Amino acid sequence: MIDQKLLSLLVCPVSKAPVEYDKEKQELLCVASGLAYPVRDGIPVMLEGEARQMSEEEKEALRK
């Protein structure tokens, strides 16, 4: 679980855009860069090298 106050402060290190938390996948998602950052043991890993590229379907779902 990510603290809401912490989540409001976090931005994608690549695009500097806000991120959204996906509780089910334990990831922080950034539509602007298309990257999904893992959350391990409640700690966001905000490193580009650790992120995965989101599919077009995932990005489109977040835009809605």
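Before reading on, note that the structure itself is shown above.
Let me begin by describing the structure that accompanies this report. (Residues numbered from 1 in each chain as written. Predicted model: local features only at pLDDT ≥ 70, side-chain atom pairs only at ≥ 80, totals over all residues. Heavy atoms only, no water.)

**What to know about the nonpolar core**
And step 1. By size, the foremost hydrophobic cluster in this structure holds 14 residues, and its most contacted members are Leu7, Val19, Tyr21, Leu28 and Tyr37.
And step 2. The set of elements that each furnish at least two residues to this core consists of β2 (27–30) and β3 (35–40).
And step 3. A total of three residues in this core trace back to one element, the largest contributor, which is β3.
And step 4. Once you skip the residues sitting within four places of it in the chain, tyrosine 37 turns out to touch Cys12, Pro13, Val14, Gln26, Glu27, Leu28, Val45, Met46, Leu47, Glu48 and Ala51. (Core = buried A, V, L, I, M, F, W, Y, C linked by side-chain atoms within 4.5 Å. Buried < 20%, exposed > 50% of the residue type's maximum accessible area, 1.4 Å probe, protein only. Helix = DSSP H or I, 4+ residues; strand = E, 2+ residues; numbered from the N terminus. Contact = heavy atoms within 4.5 Å.)

**Notes on the pairing of β3**
And step 1. Within β3, five of the six residues are buried, which leaves the element mostly enclosed by the surrounding structure.
And step 2. Where β2 folds back on β3, the antiparallel hairpin that results is connected by four residues, among which glycine 34 adopts a positive phi of roughly 75°.
And step 3. Two elements, β3 and strand β5 (residues 52–53), share two bridges in a ladder whose sense is antiparallel. The residue of β5 that forms the bridge with alanine 36 is arginine 52.
And step 4. With two bridges joining them, β3 and strand β4 (residues 43–44) adopt antiparallel strand pairing. Across the sheet, valine 39 pairs through a bridge with proline 44, a residue of β4. (Pairing = 2+ DSSP bridges.)

**Concerning the pattern of salt bridges**
And step 1. Under the criterion given, the structure shown has six salt bridges.
And step 2. Taking the shortest distance from any N to any O, the salt bridge between glutamate 27 and arginine 52 comes out at 2.8 Å. One end of the pair, glutamate 27, is in strand β2; the other, arginine 52, is in strand β5, and 25 residues separate them in sequence.
And step 3. By relative accessible area, arginine 52 is classed as partly exposed at 29%.
And step 4. In this structure, the salt-bridge partner of glutamate 60 is arginine 63, at a minimum N-O distance of 3.5 Å. Separated by three residues within a single helix, glutamate 60 and arginine 63 lie in helix α2 (residues 56–63), roughly one turn from each other.
And step 5. Assessed through its relative accessible area of 47%, arginine 63 is described here as partly exposed.
And step 6. The network of salt bridges with common partners includes Lys25, Glu27, Arg52 and Glu58. (Salt bridge = Lys/Arg side-chain N within 4 Å of Asp/Glu carboxyl O.)

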